[in-house]
Amino acid sequence: DLVEEAPIQLGHLHMSWHVPDVRHPDMPALDVLATLLGSGRSSRLYQNLREKLALVNSADAWTYTPLGSGMFGMSAVVNADKFGEASTGLQRELDELKESTAPAEELGKVVKQFISGTLGTRKTMEGQAQTLGDSWITSHDLDFADRYLASVKRVTPDDVQRVAAKYTTDDNRTLYALLPDGAAPKPKRSG
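Residues numbered from 1 in each chain as written. Predicted model: local features only at pLDDT ≥ 70, side-chain atom pairs only at ≥ 80, totals over all residues. Heavy atoms only, no water.

> Explain the overall build of the protein here, please?
When helices and strands are tallied, the protein shows seven helices and five strands. Counting from the amino terminus, helix and strand elements in the protein follow one another as β-β-α-α-β-β-α-α-α-α-α-β. Counting over 191 residues, the protein shows a buried share of 42%. Put simply, 77% of the contacts in the protein that link residues at least 6 apart link residues at least 24 apart. As presented, the protein carries roughly 10600 Å² of accessible surface, and 53% of it is formed by carbon and sulfur atoms. (Helix = DSSP H or I, 4+ residues; strand = E, 2+ residues; numbered from the N terminus. Buried < 20%, exposed > 50% of the residue type's maximum accessible area, 1.4 Å probe, protein only. Contact = heavy atoms within 4.5 Å. Areas by Shrake-Rupley, 256 points an atom, 1.4 Å probe, with all protein chains shown as cover.)

Structure follows, in structure tokens:
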């Protein structure tokens, strides 16, 4: 874990885990996991950590999957005094999805949200060209994007639980935080 300080007002917290690149069959489920946890106001991070517990000012979950390797992560903007509770809270939301499957109804909404967000970028000629270009660069397959969305539609609650447990292990996690000056937790003295 790396926690640094800077002359800023709010803390920025990022947790990330290594995952495969976009061509791997687990990626659709990881994208659904990220959407479920942290995409929009209906997401678990927003509802639980921001609305219910007021631990974060904002939070999201994301995947970044260029060719060769990828990252799955969660990020939050926090008041410095809530850094510890917020990082615990982010991990707790993820752990809950590792321990029990998401309700099918919730997952259905999340899959629709992901697909409509992806299709929304294709409404313009520029968006369509970008999609074709991305598909070709990613896989030398112009139909890759459509097949990927078809895979997303097939993601089940069990798939989401499986990829969460497989990839988001403690030994695969990196935590980085940038906190206001003087706000970093002090190292515990031994002895």
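> Is there a simple way to think about the pattern of salt bridges in this case?
Any two side chains of opposite charge can pair, given that their charged atoms come close. One pass over the structure, following the stated rule, counts nine salt bridges. Of the charged contacts in the structure, one is a salt bridge between K109 and E105, with a shortest N-O distance of 3.9 Å. Of the two residues, K109 and E105 are both situated in helix α4 (residues 104-120); the distance of four residues between them amounts to about one turn of the helix. Across the pair, E105 and K109 agree in class, each one exposed. What you see here is one network of salt bridges that share partners, running through D26, R162 and K166. (Salt bridge = Lys/Arg side-chain N within 4 Å of Asp/Glu carboxyl O.)

> Looking at this structure, I do not really get the sheet that holds strand β5 (residues 173-180). What am I missing?
By definition, the strands of a sheet pair up through backbone hydrogen bonds, in either a parallel or an antiparallel sense. Pairing is mixed in the open sheet, where five strands are placed in the order β1-β5-β2-β4-β3. Edge positions in the sheet fall to β1 (2-6) and β3 (58-64), since each of these pairs with one other strand and no more. Geometrically, the sheet is characterised by an average inter-axis angle of 15 degrees between neighbouring strands, direction not taken into account. Of the pairings in the sheet, the one linking β1 to β5 comprises five bridges and is parallel in character. If you follow A6 over to β5, its bridge partner there is P180. Along the sheet, helix α3 (residues 83-99) contacts β1, β2 (11-19), β3, β4 (70-78) and β5; its crossing angle with β2, the most-contacted strand, is approximately 30 degrees. (Pairing = 2+ DSSP bridges. Axes fitted to C-alpha atoms, helices over the stretch in contact; angles between N-to-C directions.)

> Could you clarify how one ought to interpret the side chain of E93 in this entry?
The topology assignment puts E93 in helix α3. Put simply, E93 is tucked away with no salt bridge, and the nearest opposite charge, on R92, sits 4.9 Å away. For E93, the residues in contact, after removing those within four places along its chain, are L37, R44, L45, N48 and L49. (Lys, Arg positive; Asp, Glu negative; His and termini not counted.)

> Would you mind going over helix α6 (residues 144-153) with me for this structure?
Burial in α6 covers these residues: F144, A145, Y148, L149 and V152. An end-on view of α6 places all buried positions within 135 degrees of arc, on one side of the element. (Arc of directions from axis to C-beta.)

> Can you walk me through the packing of aromatic side chains in this structure?
Aromatic rings in a pair are described by how distant their centres are and how their planes are angled relative to each other. For the structure on display, the rule yields one aromatic pair. Taking the centre distance of 5.9 Å and the plane angle of 40 degrees together, the rings of W17 and F72 count as tilted. Taken together, the residues span a long stretch of sequence, with W17 in strand β2 and F72 in strand β4 at a distance of 55 residues. (Phe/Tyr/Trp six-rings, centres within 6.5 Å; stacked < 30°, edge-to-face > 60°.)

> Honestly, the environment of R154 in this entry has me stumped. Any pointers?
Tracing the chain through its elements places R154 in the loop between α6 and α7 (157-167). For the pair formed by R154 and A29, sequence separation is 125 residues and the distance between their alpha carbons is 9.0 Å.

> It is not clear to me how the environment of S151 should be interpreted in this structure. Could you clarify?
Along the chain, the position of S151 falls in helix α6. Linking S151 and P28, residues 123 residues apart in sequence, is a C-alpha distance of 6.3 Å.

> Teacher, can you tell me more about the packing of helix α1 (residues 27-38) against α6 here?
Helix-helix packing is characterised by the crossing angle of the two axes and by the distance between the axes. Where α1 contacts α6, the two axes come as close as 9 Å, and the packing angle between them is 65 degrees. The crossing of α1 and α6 is right-handed. Across from M27, P28, D31 and V32 in α1, the residues of α6 making contact are Y148, S151 and V152. Looking at the contact of α1 with α6 residue by residue, the class counts come to five nonpolar, one polar and one charged. (Left-handed = near helix turned anticlockwise from the far one by under 90°. Nonpolar A, V, L, I, M, F, W, Y, C, P; charged D, E, K, R; others polar.)

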